[in-house]
Amino acid sequence: MKAMLKDVAGLCLYLGIILGCTYLIVHFVAQRTEIEGTSMAATLFDGDQVLINKMQYRFKEPKRYDIVAFPYRYEQNTFYVKRIIGLPGETVRIDAQGTIFVNEEALDEHFGAEVINQPGNAATPRKLEKDEYFVLGDNRNDSIDSRDSSVGIIRRSEIIGKVFFRMYPFSSFGKVG
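Nothing here was measured: the structure is a model prediction, and the numbers come from that model. (Residues numbered from 1 in each chain as written. Predicted model: local features only at pLDDT ≥ 70, side-chain atom pairs only at ≥ 80, totals over all residues. Heavy atoms only, no water.)

Describing the sheet that holds strand E5 (residues 91–94)
Here is step 1: If you walk across this open sheet you meet the four strands as E7-E6-E5-E8, and the pairing is antiparallel. Looking at which strands have only one partner, the edges of the open sheet turn out to be strand E7 (105–106) and strand E8 (126–127). (Pairing = 2+ DSSP bridges. Helix = DSSP H or I, 4+ residues; strand = E, 2+ residues; numbered from the N terminus.)

Shown next as structure tokens:
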């Protein structure tokens with residue numbers, strides 16, 4: 001009887017350690033999320049399962065073109081995934097032809113699948129503060145991002161982490177970026 005209680009106690013301790021480690025990983029190291037919609041096509045697609053590295057920005061600052069996750073301000077447990085275009089201290093503007101300007105220089109990037117039709121809030125230059133980021137979806141004409149007032153400029157404290165790995169579909173399994 002004593003040996004059986006010892007085995008049960010050992011099993012409970014083992015399960016407790018596993019649950020504790022799982023909790024720590026999910027809350028502090030990595031988070032899984034599912035992409036809904038087409039705002040990040042042709043990089044990420046509706047139904048993709050991705051991992052977010054929550055430790056990435058504890059040691060270094062987000063960089064231009066990183067794909068980041070942040071909470072949507074108006075709906076709990078909803079996260080947006082977008083690409084960083086403008087960094088703190090920069091001025092971002094999108095002209096009527098859909099060209100993105102950073103500090104009045106045309107941005108040479110090829111993530112957007114098409115020319116931007118609606119510059120939204122970025123039609124006038126926006127100077128980013130020391131902790132602000134300007135984000136866009138790769139599917140520029142089907143994305144709610146920093147051009148829209150419901151998302152707006154993202155603060156550093158809002159960024160959960162960097163999207164770094166696609167888990168599903170298995171045909172696209174691997175590193176993102």
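Structure's up, so let's keep going.
Quick word on the environment of glutamate 34
Here is step 1: Mapped onto the elements, glutamate 34 comes out in strand E1 (residues 30–34).
Here is step 2: C-alpha separation for the pair glutamate 34 and lysine 82, spaced 48 residues apart in sequence, amounts to 13 Å.
Here is step 3: In contact with glutamate 34, not counting residues within four places along its chain, are Gly47, Asp48 and Gln49.
Here is step 4: Here glutamine 49 takes part through its side chain, which lies 3.1 Å from a polar atom of the side chain of glutamate 34. (Contact = heavy atoms within 4.5 Å. Polar contact = N/O pair within 3.5 Å; in protein donor to acceptor, adjacent residues only side chain to side chain.)

Thoughts on the side chain of aspartate 66
Here is step 1: Mapped onto the elements, aspartate 66 comes out in the loop between helix H2 (56–59) and strand E3 (67–71).
Here is step 2: Of the residues examined, aspartate 66 reaches a relative accessible area of 7% and is grouped as buried.
Here is step 3: Only 2.7 Å separates the side chain of aspartate 66 from the side chain of tyrosine 57, close enough to count as a polar contact.
Here is step 4: In this structure, aspartate 66 is in contact with Tyr57, Lys82, Arg83, Ile84 and Lys162, ignoring residues within four places of it in sequence. (Buried < 20%, exposed > 50% of the residue type's maximum accessible area, 1.4 Å probe, protein only.)

With respect to the pairing of strand E11 (residues 161–168)
Here is step 1: As paired strands, strand E2 (residues 49–53) and E11 are joined by five bridges and run antiparallel to one another. Residue pairing for E11: isoleucine 52 is matched across the bridge by valine 163.
Here is step 2: Pairing of E11 with strand E12 (residues 174–175) involves two bridges; the strand directions are antiparallel. When the bridges of E12 are listed, arginine 166 appears paired with glycine 174.
Here is step 3: Between E11 and E12, which pair antiparallel one after the other, the connecting turn spans five residues.

Notes on the environment of serine 39
Here is step 1: One can find serine 39 in the loop between E1 and E2.
Here is step 2: Through-space distance from the C-alpha of serine 39 to that of leucine 11 is 46 Å; in sequence the pair is 28 residues apart.

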